Amino acid sequence: MSVVLEDQRLLSELCGVNDSNLLAIEELIGARVLSRGNELLLESDDLTKRALFRNLVSELEEQVRDGQVPGRGLIRSLFKSLSDGDKSLLRTAKNHIVFPSGVKVFPRSEKQSHYIDAMSRHDLVFCIGPAGTGKTYLAVAYALRGIIAKTKKKLILTRPVVEAGENLGFLPGDLTQKISPYLRPLYDAMDAFISYEMVIRLEEKRVIEIAPLAYMRGRSLRDAYVILDEAQNTTKEQMKMFLTRLGEGAQAIVTGDVTQIDLDKKKQSGLLHARGILKQIDEIAFIELTAQDVVRHPLVQKIVQAYESQNE
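In this text the structure is predicted, and so the values were computed from the model without any measurement.

Trainee: Can you walk me through the overall build of the chain in this structure?
Mentor: For the chain, the helix and strand inventory stands at 12 helices and 11 strands. Each of the 312 residues in the chain was classed as buried or not, and the buried ones make up 46%. Counting only contacts in the chain whose residues sit at least 6 apart along the sequence, the fraction spanning at least 24 positions is 68%. In the form shown here, the chain has an accessible surface area of approximately 16400 Å², with 49% of it arising from carbon and sulfur atoms.

Trainee: Mind showing me how you'd approach unusual backbone geometry here?
Mentor: Peptide bonds are trans in most cases, and residues, glycine excluded, mostly fall at negative phi. The backbone of Lys150 sits at a positive phi, close to 60 degrees, despite the residue not being glycine. Here Lys150 lies in the loop between α7 (135–148) and β7 (154–159). For Arg206, which is not glycine, the phi torsion reads 65 degrees and is therefore positive. Note on placement: Arg206 falls in the loop between α9 (196–204) and β8 (208–212).

Trainee: Looking at this model, I keep getting lost on the sheet that holds strand β3 (residues 39–43). Mind explaining?
Mentor: The pairing of strands in a sheet happens through backbone hydrogen bonds and is either parallel or antiparallel. Pairing is antiparallel across the open sheet formed by three strands, whose spatial order is β1-β3-β2. Edge strands, defined here as strands with exactly one partner in the open sheet, are β1 (2–4) and β2 (32–36). Across the sheet, the mean angle from the axis of one strand to that of its neighbour is 20 degrees, orientation sign disregarded. Bridge count between β2 and β3: five bridges; the pairing is antiparallel. Bridge assignment links Val33 to a residue of β3, and that residue is Leu42. Helix α2 (residues 20–29) rests against β2 and β3 of the sheet, and its axis sits at about 145 degrees to β2. In this fold helix α3 (residues 47–65) packs onto β1, β2 and β3, with an angle of close to 155 degrees to the strand it touches most, β3.

Trainee: How should I be thinking about the nonpolar core in this particular structure?
Mentor: A general trend in soluble globular proteins is that nonpolar side chains are found buried together. With 37 residues, the main nonpolar core has Tyr115, Met119, Leu144, Leu155, Leu157 and Met190 as its most contacted residues. Membership of the second largest hydrophobic core comes to 26 residues, among which are Leu14, Leu22, Ala31 and Leu78.

Trainee: For this particular structure, what's the right way to read the side chain of Lys154?
Mentor: When you line up the elements, Lys154 lands in strand β7. Residue class for Lys154 comes out buried when judged on its relative accessible area of 18%. Within the structure, the side chain of Lys154 is placed 3.2 Å from the side chain of Glu209, a separation counted as a polar contact. Sequence-distant contacts of Lys154, defined by excluding residues within four places in its chain, comprise Ile147, Arg206, Val207, Glu209, Arg219, Asp223, Ala224 and Tyr225.

Trainee: I tried to follow the environment of Thr235 on my own but got confused; where do I start?
Mentor: For Thr235, the location among the structural elements is in the loop between β9 (224–228) and α10 (236–243). Among the residues examined, Thr235 registers a relative accessible area of 14% and is labelled buried. Linking Thr235 and Leu272, residues 37 residues apart in sequence, is a C-alpha distance of 9.5 Å. The contact partners of Thr235, leaving out residues within four places of it in the chain, are Leu263, Lys267, Gln268 and Gly270.

Trainee: Please explain the packing of α10 against helix α11 (residues 270–278) as it appears in this structure.
Mentor: Axis angle and axis distance: for two packed helices, these are the angle between their axes and the distance between the axes, and together they describe the pair. Remark: α10 packs on α11, axes separated minimally by 8 Å, with the N-to-C direction vectors making an angle of 65 degrees. Here the hand of the crossing between α10 and α11 comes out right-handed. Contacts from Lys236, Met239 and Leu243 in α10 reach Gly270, Leu271, His273, Ala274 and Leu278 in α11.

Rules used throughout
Residues numbered from 1 in each chain as written. Predicted model: local features only at pLDDT ≥ 70, side-chain atom pairs only at ≥ 80, totals over all residues. Heavy atoms only, no water. Helix = DSSP H or I, 4+ residues; strand = E, 2+ residues; numbered from the N terminus. Buried < 20%, exposed > 50% of the residue type's maximum accessible area, 1.4 Å probe, protein only. Contact = heavy atoms within 4.5 Å. Areas by Shrake-Rupley, 256 points an atom, 1.4 Å probe, with all protein chains shown as cover. Pairing = 2+ DSSP bridges. Axes fitted to C-alpha atoms, helices over the stretch in contact; angles between N-to-C directions. Core = buried A, V, L, I, M, F, W, Y, C linked by side-chain atoms within 4.5 Å. Polar contact = N/O pair within 3.5 Å; in protein donor to acceptor, adjacent residues only side chain to side chain. Left-handed = near helix turned anticlockwise from the far one by under 90°.

Structural data, given as structure tokens:
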């Protein structure tokens, strides 16, 4: 069977580099996919596969028109939604982050869409979920968009300096060089949206500040986006200290993975404690992501699920 594309200009985007997207569709549907002229062809007589293929191509066309760049992650997400008969992602993909430059950041699951919506509606948002679910990525995208659009004056990114199960000893260099490895993931998130040169310029102008959580003590943060990453590694005292820094016009986004707590076993995670005592406050949003929301390499989702099943 074949699906004729209404706009032939979309063909190259739908196929991907070296037909990588077609190969992804082949793997998911279990039948060969080819392109010819302005058509995509499926070599299968299975009616279920044909219907799924037709709907998948149609949804991919619509997503590309909306500004999405199709890749394996988007194809897997749409395929799952169509296979499960769940149209939630198809509806909520419209809820995306748009930079002044026109760059768009889309959710890859219904819960990610709820996360974006929560950030637009609440001054304090907690996002809890396993690795690869886009917690930090979407938070940084949302805040950077606001900074570039000048809706707030400053972006502050912070995280506790806790070693992940290793003793690194005394690192060489000055204080900035010692803490840099811990803060590198926050720079990685920003690199996805703006150039390194722009990050440096914004840091020099003190519009962007990246610092360990310990540097937050005693401050009052006003008219700023404040992102606390790796919050599972805060103590109760640190979490309270952070949350009480918020001043007028500030918005805080707290992200963490409660399955990867690196604190001494005698200390309770500040993120777990906060979830227990703050969840009933209507003005605070809690978003809980799962392995189903993982948007990294497909193996990451399987790895997360394997560890979750072991802990059940």
